[in-house]
Amino acid sequence: MNDTRFDPSQADGRWQKAWDEAQCFRADSASDKPKSYVLEMFPYPSGRIHIGHVRNYTMGDVLARYKKMRGHEVLHPMGWDAFGMPAENAAMEKGVHPGKWTRENIESMKAQLKRLGFALDWSRELATCEPDYYGHEQALFVDLFEAGLVYRKESEVNWDPVDQTVLANEQVIDGKGWRSGAEIEKRKLSQWFLKITDFAPDLLDGLASLDKWPDKVRLMQENWIGRSQGLQFAFDLSTGEKLEVYSTRPDTIYGASFVAVAPDHPVARAYAEGDEGAAEFIAECKRGGTTAATVETATKLGYLTGVKARHPLIADHDLPVFIANFVLMDYGTGAVMGVPGHDQRDFEFAKKYHLPILRVIGASAADADRPLGSGAEPGEGILVNSGPLDGLDVETAKGKVIRRAEADGWGEGKTVWRLRDWGVSRQRYWGTPIPFIHCDSCGIVPVPKDQLPVVLPEDVDFKTPGNPLERHPTWKNVACPQCGAQARRETDTLDTFVDSSWYFLRFASQPADKPFDRHEVAKWLPVEQYIGGIEHAILHLLYARFWTRALARLGQIDFTEPFASLFTQGMVTHETYFRREPDSGRVVYFAPDEVERSGQSAVLKEDGFPVTVGRVVKMSKSKRNVVDPDTIIAQYGADAVRWFMLSDSPPERDLPWSESGIEGCARFVQRVWRLVAEHDPQASGEDADLARKTARIVHDVAETIEALHFNKAVARLYELVSAIEKAKPSADRTSAIEALFPLVAPMMPHLAEEAWQAIGGEGLIAETAWPEIDESLLEDESVTIAVQHKGKLRDTLTAPAGASKDVLEEMALASEKVQRSLDGAPIRKIIVVPDRLVNIVT
RNA sequence: GCGGGUGUGGCGGAAUGGUAGACGCCGGGGACUUAAAAUCCCCUGUCCUCCGGACGUGUGGGUUCGAGUCCCACCACCCGCACCA
């Protein structure tokens, strides 16, 4: 151990092997230590680990290793979210089977993760694409069906009329199919749904208990679930039918000037039968994709029908009925009343179709005749021009209208949720087969559990677009489990969000004959700390919460919230380098290793001419601003890469990758290593300042790791290393060095092991306890007091901690700098904050 | 369009309403060396009449003895929007 440099290229692998052999990171559910379940969102096996994964898993790893040092039994597993579209795309493009492609990707990504030295329990590894995972998922799906939480209904998909296939939203670009270029249209298919709306109140109420989740995520989920209270009421139509509408602003009912229905509303369809223009308009609305962003950013269009709606409160007053492209069939009743004065969308619609814009709310009664100018006024106020409601505030008016409607029998107060049921059908091959059989006489029959798993057939082709299961020659054909007659398998597969809705249970317990063992699961769950990207703030996390609640309702588990604490980390970003081609104006991007960077500018290595240094954005293949984890591990070692992932940027914010930054980290690894040579067990003498600093930093690093403020832990460790370097040899300095290595062990585990061994530490540092400190060393003896005058800093004083206000005031006035600033002005007031500051007001 | 977030030196950032810029990167100067690498030391927000002072946390207002932090309005960028994962 006399080498002056730490060599990761030989040390990393050696310690990774040592951990493997000692099986340090195997989670023992029989242990009587307190248990910690640390989980990072499992990756999609795209082929290579992305630097974003490295950041995510490094954070989890630091926490897992730290918890272990704190005496916890830690479960820190890893697996693969292995179903999904990219495998099918690879099959189409390269002719490789999705299973082969996926399994090879898993192998290479696993090797990459191992090179980073993560403290993972690989004995629990799982891949959702294997029958021993998805078979259990099928069993759970059947359980949910039997509990009445699964049903079928029609719903819209993106239909590519040329490829004759269903497209995902991301495959629709500017309303056109990504391969065919054909105009996409909305088409209705009969599909499988999970009744997440059954749990809407529960999912909403449960958010309150998630006090270790970021507020922003809870808020996003709250808005997504979208509880609203309003009035559902019926208009009498001139056709003799009734039209149910829902409004959250029944107080504005006197301001209604039109009614609008969704293009696929029965009233619209019925009317279109006798009106060609309406039929054409409805057909027009079918064009384009199904996403909310597309629908809502489209120009608001309406078609005036000849139908009239009788206003329920204004005698003999009729409103025109429109078919409108912005009204959604699956929210509320698929029909709305339009109040242009107090809703911006209605306002724009009214302008376009020359409808009356009435004011029914003003700042006061005097506003009754003030016209609405440039836009709607959606806020609070006092009712005007509203007959019996005049003078009431918004809330009171809402209540009055609802009571009136209920008394007169034309409507009732109703709670409506924005959340829709979860459509889980996918018309694709590479997913969990939905375990149902269609029988002409028995209807829809679940596959009996003893016949699960329904295994995906291997012999499929991807030469033509569409679902290979649909055109497989034999797989579909099966006998009905009930009557034995010839029947057909369901060919839809499950949304991959289903796979990720219960994998955290399977990690905790992996029996062969059932999805999980409830007693084993109870030992580990809920997950103590879940870490992943903010992009999953709504869908994945909501679906996992729902699935957990559904299993609790079925009596399979005893808790309803899967993740006690959630952390959402930021992205890893990098500068972009590009040139604009002079002829076409096309932008050509260059990879970081093709570019020589200096100061503000950069040149292309190949030709020596400059390239433009573009914005710092999320690493992506299209911008070519990616760095490959393997390359940088080979160059700098796993510890430097891990250290970089934790340094500087707060973990919830974006982290800009930089060459100079990683070099600084690699230098720091060596700096820590050099302290091994400084470790002198024979050194004697005290260094009270260093001892106090060491205790303080041991304490702060623990605190900041627990709060996941890794950047602050890193800053404190830099300080400790500097302090040790500057200190003269002493017993306290030797102790500081002995404390330092365990402190950095969660972050730089390879170096820490090597150093620990070199200074004669016992066993593996991964299994060592966190350093103990003398709590009395945390008390400060003196403090720095700021003295302000006119709100500005004039001087700083050193005072004993806990000095009285009078003493501090006296010290402040004694300061020459303060007197100069005061310049004899009369003192009006002195504010003293003990241990902090004195502010003199003149 | 709707929902959520972020904004502080050249860069990443730190700061229970109480000393703005901790810590790191970059840059500058110096030491060591035949030289380089490595390492170590010092400086490093802007401006000015520079042993002192003024200004300064996206923009414009406000509350306060005191605002990066609280309130109002705005701007820019990022994430999500139900079939990407």
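Residues numbered from 1 in each chain as written. Chains lettered and ligands numbered in written order. Predicted model: local features only at pLDDT ≥ 70, side-chain atom pairs only at ≥ 80, totals over all residues. Heavy atoms only, no water.

A. Focus on the overall build of chain A. When you go through chain A residue by residue, the secondary structure sums to 25 helices and 39 strands. Expressed along its principal axes, the backbone C-alpha trace of chain A runs to roughly 100 × 85 × 65 Å. With 842 residues in all, chain A has 53% of them scored as buried. Counting only contacts in chain A whose residues sit at least 6 apart along the sequence, the fraction spanning at least 24 positions is 70%. If the 98 positive side-chain charges of chain A are averaged to one point and the 126 negative ones to another, these points end up 3 Å apart. (Helix = DSSP H or I, 4+ residues; strand = E, 2+ residues; numbered from the N terminus. Buried < 20%, exposed > 50% of the residue type's maximum accessible area, 1.4 Å probe, protein only. Contact = heavy atoms within 4.5 Å. Lys, Arg positive; Asp, Glu negative; His and termini not counted. Charge placed at Lys NZ, Arg CZ, Asp CG, Glu CD.)

B. Representation of the nonpolar core in the model. By size, the foremost hydrophobic cluster in this structure holds 116 residues, and its most contacted members are W657, I705, L740, F741, M747, M748 and W770. Look past the residues within four positions of M748 in its chain and what remains in contact with it is D639, W643, F668, V669 and V672. With 57 residues, the next largest nonpolar core counts M41, F141, F516 and F546 among its residues. (Core = buried A, V, L, I, M, F, W, Y, C linked by side-chain atoms within 4.5 Å.)

C. Quick look at the packing of helix α7 (residues 215-225) against helix α16 (residues 539-553). At a closest axis distance of 10 Å, the pairing of α7 and α16 adopts a crossing angle of 75 degrees. Between α7 and α16, the interaxial angle falls into the category roughly perpendicular. Of the residues in α16, those in contact with V217, Q221, W224 and I225 of α7 are L539, L541, L542 and R545. Taken together, the residues of the contact of α7 with α16 break down into 6 nonpolar, 1 polar and 1 charged. (Axes fitted to C-alpha atoms, helices over the stretch in contact; angles between N-to-C directions. Parallel < 35°, antiparallel > 145°, perpendicular 65-115°, else oblique. Nonpolar A, V, L, I, M, F, W, Y, C, P; charged D, E, K, R; others polar.)

D. Expanded view of the environment of N105. Mapped onto the elements of the fold, N105 is located in helix α4 (residues 98-115). Among the residues examined, N105 registers a relative accessible area of 10% and is labelled buried. Along the backbone, N105 and A82 are 23 residues apart, and their C-alpha atoms lie at a distance of 9.6 Å. Residues in contact with N105, not counting those within four places in the same chain, are P45, S46 and G47.

E. How the structure looks around the pattern of salt bridges. Within the structure shown, the criterion is met by 49 salt bridges. For R14, the salt bridge identified is with E754, shortest N-O distance 3.0 Å. In this pair, R14 sits in helix α1 (residues 8-22) while E754 sits in helix α23 (residues 749-758), placing the two residues 740 residues apart along the sequence. A residue is classified by how much of its surface remains accessible, and R14, at 35% relative accessible area, is partly exposed. With a closest N to O distance of 3.5 Å, R310 and D316 form a salt bridge. Exposure remark for R310: the relative accessible area of 35% places this residue in the partly exposed category. The network of salt bridges with shared partners includes K693, R696, D700, R716 and E719. (Salt bridge = Lys/Arg side-chain N within 4 Å of Asp/Glu carboxyl O.)

F. Summary view of the protein's contact with RNA strand B. Surrounding RNA strand B, one finds 66 residues, the nearest of these being N169, R428, S649, K712 and N839. For RNA strand B, the backbone portion of the atoms within 4 Å of the protein, that is sugar and phosphate, comes to 65%. Note that a base nitrogen of RNA strand B is positioned 3.1 Å from one of the backbone N or O atoms of R418. Of the residues assigned to the surface near RNA strand B, the class counts are 26 nonpolar, 18 polar and 22 charged. (Near = heavy atom within 4 Å. Polar contact = N/O pair within 3.5 Å; in protein donor to acceptor, adjacent residues only side chain to side chain.)

G. Spotlight on the sheet that holds strand β34 (residues 617-618). The 3 strands lie next to each other as β34-β28-β35, forming an open sheet whose pairing is mixed. Each end of this open sheet is capped by a strand with a single partner; those strands are β34 and β35 (655-656). (Pairing = 2+ DSSP bridges.)

H. Broad picture of the packing of aromatic side chains. Following the criterion strictly, the structure yields 37 aromatic pairs and no others. Each ring, one from F42 and one from Y503, has its centre 3.7 Å from the other, and the planes form 10 degrees; the classification is stacked. A residue pair is termed long-range when its members are at least 10 positions apart, and F42 in the loop between β1 (35-40) and α2 (51-69) and Y503 in helix α14 (residues 503-508) qualify at 461 residues. One exposure class covers both F42 and Y503, and it is buried. An aromatic cluster of three or more residues is present, and its members are F42, Y503, F504, F507, Y530 and F563. Taking the ring centre of W524 as reference, the NZ or CZ of K35 above it sits at 5.7 Å. In this structure, R187 is placed above the aromatic ring of W159, and the distance from its NZ or CZ to the ring centre is 4.2 Å. (Phe/Tyr/Trp six-rings, centres within 6.5 Å; stacked < 30°, edge-to-face > 60°. Lys NZ or Arg CZ within 6 Å of the ring centre and 35° of its normal.)

I. Main features of the pairing of strand β29 (residues 577-580). The pairing of β29 with strand β30 (residues 587-590) spans 4 bridges and is classified as antiparallel. Bridged to R580 within β30 is V587. Note: β29 against strand β33 (residues 610-613), 2 bridges, orientation antiparallel. When the sheet's bridge partners are listed, F578 is paired in β33 with T612.

J. Quick peek at the confidence of the model for chain A. Mean pLDDT over chain A: 90, with 99% of residues reaching 70 or higher. What the predictor reports for the complex is a pTM of 0.92 with an ipTM of 0.92. (pLDDT = per-residue confidence, 0-100.)

K. Layout of the sheet that holds strand β6 (residues 165-167). Taken together, 4 strands build an open sheet; the order of strands is β6-β5-β9-β19 and the sheet is antiparallel. Only two strands of the sheet have a single partner each, and these edge strands are β6 and β19 (422-423). In this structure, strand β5 (residues 150-160) lies alongside β6, joined through 3 bridges in antiparallel fashion. Bridge pairing in β6 places D160 opposite T165.

L. Quick look at the environment of Q191. Mapping Q191 onto the fold places it in strand β9 (residues 185-194). The exposure class of Q191 is buried, given its relative accessible area of 6%. Considering only alpha carbons, one finds Q191 and Q427, 236 residues apart in sequence, at a separation of 9.5 Å. Contact partners of Q191, with chain neighbours within four places excluded, come to Y151, R152, K153, S155, E156, V157, S425 and Q427. A distance of 3.1 Å separates polar atoms of two side chains, one belonging to Q191 and the other to S155.

M. Fine view of the packing of helix α18 (residues 638-646) against α23. Between α18 and α23, the least distance of the axes is 7 Å, while the angle of their chain directions is 125 degrees. Considering their axes alone, α18 and α23 lie oblique with respect to each other. Residue-level inspection shows A638, D639 and R642 of α18 in contact with α23, the latter providing P749, H750 and L751. Residues of the contact of α18 with α23, tallied by class, amount to 3 nonpolar, 1 polar and 2 charged.

N. The arrangement of the side chain of H97 in detail. Of note, H97 is situated in the loop between α3 (85-94) and α4. Among the residues examined, H97 registers a relative accessible area of 17% and is labelled buried. Within the structure, H97 has its side chain in polar contact with the backbone nitrogen of G99 (distance 2.8 Å). Not counting residues up to four positions away in its chain, the partners in contact with H97 are Y429, E458 and V460.

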